[in-house]
Amino acid sequence: TFAHDTAWSDPLSGASLAARVCGGDESLALSKTQLDLVEEIELYLRPTDLLNFVSLPMAEGQVLCYLSVVIWFLVVVSEMQKSCDFLAGVGLSCPVTWWRSTLRTEQDRVLLASISVPRLIAVCFVTGVRLMIALLLLLVGVDWLLVTTSVEDMLLNAAALSFIMDLDELVFLTMLTGRSRTVLRRTRTPEIAISGLRSVADTSLIWIGFFLLVLRVAPILSSNVGIMEDLRIALCGGNLDFVTFVANGPVILFETAEYNDELPLTYESDAVLEAVWISDVTAVNYSWVDTGFPWDSYSFSETVQSFPCNDRVDPTPTTQ
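These numbers were taken from a predicted model, which means no experiment stands behind them.

Procedures and definitions
- Residues numbered from 1 in each chain as written.
- Predicted model: local features only at pLDDT ≥ 70, side-chain atom pairs only at ≥ 80, totals over all residues.
- Heavy atoms only, no water.
- Salt bridge = Lys/Arg side-chain N within 4 Å of Asp/Glu carboxyl O.
- Buried < 20%, exposed > 50% of the residue type's maximum accessible area, 1.4 Å probe, protein only.
- Helix = DSSP H or I, 4+ residues; strand = E, 2+ residues; numbered from the N terminus.
- Expected span 1.5 Å × (residues − 1).
- Core = buried A, V, L, I, M, F, W, Y, C linked by side-chain atoms within 4.5 Å.
- Contact = heavy atoms within 4.5 Å.
- UniProt positions renumbered as here; feature names shortened; annotations may be inferred.
- Phe/Tyr/Trp six-rings, centres within 6.5 Å; stacked < 30°, edge-to-face > 60°.

Draft legend 1. Structural detail: the pattern of salt bridges. Summed over the entire model, instances satisfying the criterion amount to 6 salt bridges. R20 serves as the salt-bridge partner of D25, at 2.8 Å between the closest nitrogen and oxygen. By relative accessible area, D25 is classed as buried at 9%. Given a relative accessible area of 10%, R20 falls into the buried group. D143 is paired through a salt bridge with R216; the nearest N and O atoms lie 2.6 Å apart. Here D143 is found in helix α4 (residues 117-146), whereas its partner R216 is found in helix α8 (residues 196-236), with 73 residues between them in sequence.

What follows is the structure in C-alpha cells.
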C-alpha cells in the first residue's frame, strides 16, 4: 500500500512510488534502497551483447561471475603449481643428508647443493600447508563470488581475492632482514626435467579440476538468475500505474499514466521552465508575479492542475 499511496506519488505526473522506483527515478528522496536494488537486478540480468554484435544466451552478471571464477581458479592453480615445483626441485633434485644442508655459489647465484632430513621435512610441511591454504582459498573465494549479485562488488571482490595471494610477498618484503632477502633472491632451486608423462598428467588434472568447478558453479549461477528474476517480478511485476486513497473505509483507486523520466507537460512545469530560462523573470506569461506579496498571510484557494500549455491562468490569492 505504501508504494501506491497517493501521499507518495509524483506531484507533477501523478505516478506512483512503485512506478518511479521501477522506472529508475534518480530524483527520489525515499525508497533509495529499493531503487538501488532494482538497478542492481537490472544490471545483473541485462542481456550480454559483445560489441553490439554477438549476443550470448546468458545474463551479463552471470557471464561476469563465470569469468571471475575462472580467473580466480587460474590464479590459485598457478600458486599450487609453484609450490609443487618448489617441493620437487628441493626434494628430488638435491642430495639428502642427515644433519647438514650445503650451498654453493655459481656466478651471482646461490644453489642448493644438499639438504638435510629435518629441513626436507620442514619444506614438505610448509608446502603442504601452502597447498591446503590455496585449496581452501579456492573454495571460499568461489563461494564468495557466487553469492555476489552486484556487478560492481563482483569486480571489487575478484580484485580483493587476487590481493590475498600476494600476502606472502608482503611478509617477505617487510618481516625479513635485508641480508635474508638478498640471499633468498639469489638462491635457486635445482631445475628438474619434466617428462612428457608428467606434463600430460599435470595438464589433465588442471582440466579435470576446471570441469568439476564448472559443474559446481553452473547450477548455482542458474539458480541466482532465477532468484533475481523472481525478485524483479516481486518488486516491479504487475500493474504499477495506479494510486490508492483510503476515504473512511473504502479504498479509492486512481489510474495514472505510464511513468517516464521526462518532465510531464503540465501548466506548472511550463511555468517553472519559463521562469528558469527567461532573461527577465518579471516578464513571464505562465505565472503571476508579485514581488511584494505577503505570502505568510495568504494562500491560494485553488491549485492549478494539468492546464494545457497554451492556457494562461492568474490564480487569485485569498485571505485565510
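Draft legend 2. Just α4, in detail. Across its 30 residues, α4 extends 43 Å between first and last C-alpha, which sits within 8% of the 44 Å expected from 1.5 Å per residue. Listed in full, the buried residues belonging to α4 are L120, V123, T127, A134, L138, G141, V142, L145 and L146.

Draft legend 3. Examining the nonpolar core more closely. The biggest cluster of nonpolar side chains holds 24 residues, and the ones touching the most others in it are Y44, V69, W72, V142, L146 and V217. Residue assignment for this core shows that the elements contributing at least two residues are α2 (32-45), α3 (60-91), α4, α5 (151-164) and α8. Top element by residues in this core is α3. It accounts for 7 residues. Every residue in contact with L146, bar those within four places of it in the chain, is listed here: C65, V69, R216, V217, I220, L221 and N224. Formed by 6 residues, the second largest nonpolar core is a distinct cluster that contains L112, I115, L120 and V123.

Draft legend 4. The UniProt feature "transmembrane region" (unreviewed entry) in the chain, seen in detail. The UniProt entry lists residues 53-77, 120-142 and 197-218 under the feature "transmembrane region" (unreviewed entry), expressed in the numbering used here. Along residues 120-142 one finds 100% helix and 0% strand; the C-alpha atoms at either end are 33 Å apart.

Draft legend 5. Structural context of the packing of aromatic side chains. Scanning all chains against the criterion turns up 4 aromatic pairs. Between W207 and F210, the aromatic rings sit 5.8 Å apart at their centres with planes inclined by 85 degrees, giving edge-to-face as the arrangement. Placement of both W207 and F210 in helix α8 is noted, with a separation of 3 residues, approximately one turn of the helix. Here W207 falls in the partly exposed class, since its relative accessible area comes to 49%. With a relative accessible area of 21%, F210 lands in the partly exposed category. A ring pair is formed by F210 and F211, whose centres lie 5.8 Å apart and whose planes are at 65 degrees; its orientation type is edge-to-face.

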